[in-house]
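These are the residues of each chain, in order.
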Amino acid sequence: MEKFLGLNRNSIFLYLGLAFLCLWSLIACGKKPPLKGLAINASFSDRVLTDDLVTRLKVKYITTAGFQPLGQDYRIVAVALWQGKILFRESLDPEIPASRWQANRVYETEKFIYFPRVIDRFKPKTAAGIKIGFSILMENSGGAEPLVLYSRKIKLLPCPPEAPEVIFLEGWEKIDRPRVGGPEQSYELWTGSRAVCLLENPGRAALLMVRGRNPQESLTVSLFLEDGLLDEFTLPPGPFQKVYSLGPFSSETDPELKLTLAVNKTLPLNQVYPDLNDDRSAGLRIEKVYFR
C-alpha cells in the first residue's frame, strides 16, 4: 500500500491499445499457431501472483530439430491484458538475437515484471482475484501482425492488506493533472531537487523498484538508503525503471527505512506542461516506489 500516493502505473503504451485489443481477441480464440520448432517455457519467481507486485519473469526459448532459422531479427515482448487494458508490455529479447537462433538450442532471458494495482478487493466480482491474459509475442519492424509464441491465463489475487507501506515525506510536488490509464488517480507526483519517503521494513529481503519518467535531456539521479548511497545513474529523456534486491534488515532496529531521491537539476513545471500556470521546480515524475 502507499500513503499519500496510491499510484497505479501510468501506461505509456496507449497508442498501441487498439491494436492490442484486436490482438487480445485473436489470442482468446487461439487462431495463431506457434512458430514451428520452437517451444516456450515461462515462469515467475513468485508462486502466488498478486496485483501491485514486482516479480521476476524467466523465459526459455527452446528450439528443436525442426526449427528453421528465421533469417531476420524480431522483437519479443511479454504482454498482459485485462478487460482490454494493457497491464504491462515488456521486452523479452534474449542476449542472442532471434536471427542467430539455431536448432537444438536453449536461449534464456529474465526480466523484472510489475503487475500494477488493478483489483478492488472490496468488490465481490474481483475480491477473489481475476484472470488475465498473458502472452509472449514476436514482432517485426514491418508492422505485420505479431506472432503469438505463448499464451495462457494467469490468476491474479489482490495485494495482501499487510503489504509494506511507502510513506511520502518532504520534497514531493503533487500536480493535479488527470493521468490517462489511472482513472482513480487525478494527480502526478514529482520530486523536487531532493525527495524523501519511508519504506516500511518487512523484516526480510525485499525488492525496491523506482519507476517514473525524466522530462529533461539528461539527468543524474542519486538514490540514498538511510545515510548510504544506494545507486547513482544518468537518465536520458523518457521512462525509466530501477529494481534492487535489498536486505534483510532488522525490523527491531529499523522498523522503517529512509529512501532519498536527489537530482542534479530541476525545471519549472510549466516548461513540462505549458498549459499549467505553475512554476514550481521539479526533477523526476515518479509513477511508483515499491518495496515488498
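Note that the structure is predicted; figures quoted are calculated from it, not measured.

1. Some points on the overall build of the chain
Moving on, step 1. A count of helices and strands for the chain gives two helices and 20 strands.
Moving on, step 2. For the chain, the proportion of contacts with a sequence separation of at least 24, taken over those separated by at least 6, is 74%.

2. Looking at the side chain of Glu139
Moving on, step 1. Secondary-structure assignment places Glu139 in strand E7 (residues 130-139).
Moving on, step 2. Using a relative accessible area of 8% as the deciding quantity, one classes Glu139 as buried.
Moving on, step 3. At 2.5 Å, the side chain of Glu139 and the side chain of Arg89 are in polar contact.

3. Digging into the pattern of salt bridges
Moving on, step 1. The full count for this structure, using the stated rule, is 12 salt bridges.
Moving on, step 2. Overlapping salt bridges, with partners in common, bring together Asp52, Arg117 and Lys288 in one network.

4. Some details on the sheet that holds strand E20 (residues 285-291)
Moving on, step 1. Overall, antiparallel pairing links the five strands, which are arranged E10-E11-E20-E13-E16 in an open sheet. Single-partner strands in this sheet number two, and they are strand E10 (172-176) and strand E16 (238-246). Adjacent strand axes in the sheet meet at a mean angle of 30°, parallel and antiparallel pairs treated alike.
Moving on, step 2. Where strand E11 (residues 187-191) meets E20, two bridges bridge the pair, whose relative direction is antiparallel. Bridge pairing links Trp190 to Arg285 in E20.

5. Here we look at the sheet that holds strand E6 (residues 106-115)
Moving on, step 1. Taken in spatial order, the three strands make up an open sheet running E2-E3-E6, and their pairing is antiparallel. With partners counted over all chains shown, the strands left at the sheet margins are strand E2 (38-44) and E6, one partner each. Ignoring which end each strand starts from, the neighbouring axes of this sheet average 20° apart.
Moving on, step 2. Bridge count for E2 against strand E3 (residues 53-63) is seven bridges, and the pairing is antiparallel. Each bridged residue has a counterpart across the sheet, and for Ile40 the counterpart in E3 is Tyr61.

6. Brief notes about unusual backbone geometry
Moving on, step 1. For the peptide bond that leads from Gly247 to Pro248, omega is 5°, which places it in the cis range.
Moving on, step 2. With respect to the helices, strands and loops of the structure, Pro248 is situated in the loop between E16 and strand E17 (256-263).
Moving on, step 3. Here the phi dihedral of Glu226 falls at roughly 55°; this positive angle occurs in a residue that is not glycine.

7. Regarding the environment of Gly71
Moving on, step 1. With respect to the helices and strands, the residue Gly71 is situated in the loop between E3 and strand E4 (75-82).
Moving on, step 2. Along the primary structure Gly71 and Trp101 are separated by 30 residues, whereas in three dimensions their C-alpha atoms are 9.2 Å apart.

8. Re the pairing of E20
Moving on, step 1. Extensive coverage of E20 is indicated by the burial of seven of its seven residues.
Moving on, step 2. Looking at chain direction, strand E13 (residues 206-214) and E20 are connected through six bridges and run antiparallel. Each residue of the ladder has a partner; that of Gly212, found in E20, is Ile286.

9. As for the nonpolar core
Moving on, step 1. In this structure, Leu57, Tyr61, Trp101, Ile132, Phe134 and Ile136 are the most contacted members of the largest nonpolar core, which totals 40 residues.
Moving on, step 2. Elements with a minimum of two residues in this core: E2, E3, E4, strand E5 (85-91), E6, E7, strand E8 (147-156) and E13.
Moving on, step 3. Excluding residues that lie within four positions of it along the chain, Ile136 makes contacts with Ile40, Ala42, Val59, Ile76, Val77, Leu92, Leu147, Val148, Leu149 and Tyr150.

10. Details of the confidence of the model for the chain
Moving on, step 1. Averaged over every residue, the pLDDT of the chain is 86; the share at 70 or more is 85%.
Moving on, step 2. Per-residue pLDDT stays below 50 along residues 1-33; that stretch engages in 83 contacts with residues further than four places along the chain or on separate chains.

11. Regarding the environment of Gly133
Moving on, step 1. Positionally, Gly133 belongs in strand E7.
Moving on, step 2. The buried category is assigned to Gly133, whose relative accessible area is 3%.

12. Quick look at the packing of aromatic side chains
Moving on, step 1. Per the stated rule, a full pass over the model turns up 11 aromatic pairs.
Moving on, step 2. Consider the rings of Trp190 and Tyr273, whose centres lie 6.4 Å apart with planes at 85°: the pair is edge-to-face. Of this pair, Trp190 sits in strand E11 while Tyr273 sits in the loop between helix H2 (269-272) and strand E19 (281-282), placing them 83 residues apart in sequence.
Moving on, step 3. Through successive ring pairs, a cluster of aromatic residues spans Phe44, Phe88, Phe115, Phe134 and Tyr150.
Moving on, step 4. Geometry around Tyr187 places Lys174 over its ring, the cationic atom sitting 4.3 Å from the centre.
Moving on, step 5. Sitting over the ring of Phe224, Arg194 keeps its end group 5.2 Å from the ring centre.

Reading the values: rules and limits
- Residues numbered from 1 in each chain as written.
- Predicted model: local features only at pLDDT ≥ 70, side-chain atom pairs only at ≥ 80, totals over all residues.
- Heavy atoms only, no water.
- Helix = DSSP H or I, 4+ residues; strand = E, 2+ residues; numbered from the N terminus.
- Contact = heavy atoms within 4.5 Å.
- Buried < 20%, exposed > 50% of the residue type's maximum accessible area, 1.4 Å probe, protein only.
- Polar contact = N/O pair within 3.5 Å; in protein donor to acceptor, adjacent residues only side chain to side chain.
- Salt bridge = Lys/Arg side-chain N within 4 Å of Asp/Glu carboxyl O.
- Pairing = 2+ DSSP bridges.
- Axes fitted to C-alpha atoms, helices over the stretch in contact; angles between N-to-C directions.
- Core = buried A, V, L, I, M, F, W, Y, C linked by side-chain atoms within 4.5 Å.
- pLDDT = per-residue confidence, 0-100.
- Phe/Tyr/Trp six-rings, centres within 6.5 Å; stacked < 30°, edge-to-face > 60°.
- Lys NZ or Arg CZ within 6 Å of the ring centre and 35° of its normal.

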